[in-house]
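Per-entry structural report
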Amino acid sequence: MRSSSALHAIDALDARLLDLLSTEPRAGVLEASRRLGVARGTVQARLDRLVARGVIRSFAPTLDPAALGYTVTAFANLEIRQGARDAVTAHLGSIPEVLAVHTITGQGDLLCQLVARDNDDLQRVIDQLVADDDILRTSTVVALACVLEHRVLPLVHASAPPP
């Protein structure tokens, strides 16, 4: 039986391919094969395998909420009624300004990442959020600045063997 880490391992070529596509997402399969020094079919097969395994979740562009006018980021810690997670999740999913929701340990049940156009708009979003009777208590903090953006590429570099 293979270990869980073996099933999810990537090799040096996978890492180089992921690095290339992360830094230059417009590079196509042909360009990637030229830059990596491997056959086009090899690149395509690797991409197909990485997509099938869920390593590559999307080829969609990364969108910036601030560039869309949502300059305020906040995090709301929600305490919810026991057994109501699915209903609350559906409610949160109906609010466009809710970007992500995580179940958590510790105080609270869900941690939500929110965006708003300004502080007044954040109040509107929070009011919409707490309109669900299954949300018992909230605590919200406003992010002042992001000092380290969401990243995954360092994990790729750390998990791949050196070439």
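Presented here is a report on the structure given in the accompanying data block. Model, not experiment: these values are computed from the prediction.

As a further point, take the sheet that holds strand β2 (residues 98–103). Hydrogen bonds along the backbone pair up the strands of a sheet, which may run parallel or antiparallel. Within the open sheet, the four strands sit side by side as β2-β3-β1-β4. Their pairing is antiparallel. Edge positions in the sheet fall to β2 and β4 (135–143), since each has one partner strand and no second. Averaged over all neighbouring strand pairs, the angle between strand axes comes to 20°, with direction disregarded. The pairing of β2 with strand β3 (residues 110–116) spans five bridges and is classified as antiparallel. For H102, the partnering residue across the bridge sits in β3 and is L111. Packed onto the sheet, helix α5 (residues 85–93) meets β1 (72–80), β2, β3 and β4 and runs at close to 10° relative to β3. Packed on one face of the sheet, helix α6 (residues 119–129) meets β1, β2, β3 and β4 and runs near 140° to β3.

Moving on: the packing of helix α2 (residues 12–23) against helix α4 (residues 40–52). Direction vectors running N to C along α2 and α4 enclose 85°, while the axes themselves pass 11 Å from each other. Relative to α4, the element α2 lies roughly perpendicular. For the pair formed by α2 and α4, the contact residues are L13, D14, L17, L18 and L21 on the first element and T42, V43, R46, L47, R49 and L50 on the second. Tallied by class, residues from the contact of α2 with α4 come to seven nonpolar, one polar and three charged.

What counts, and where the lines are drawn
- Residues numbered from 1 in each chain as written.
- Predicted model: local features only at pLDDT ≥ 70, side-chain atom pairs only at ≥ 80, totals over all residues.
- Heavy atoms only, no water.
- Pairing = 2+ DSSP bridges.
- Helix = DSSP H or I, 4+ residues; strand = E, 2+ residues; numbered from the N terminus.
- Axes fitted to C-alpha atoms, helices over the stretch in contact; angles between N-to-C directions.
- Contact = heavy atoms within 4.5 Å.
- Parallel < 35°, antiparallel > 145°, perpendicular 65-115°, else oblique.
- Nonpolar A, V, L, I, M, F, W, Y, C, P; charged D, E, K, R; others polar.

The analysis is restricted to geometry; functional conclusions fall outside its scope.
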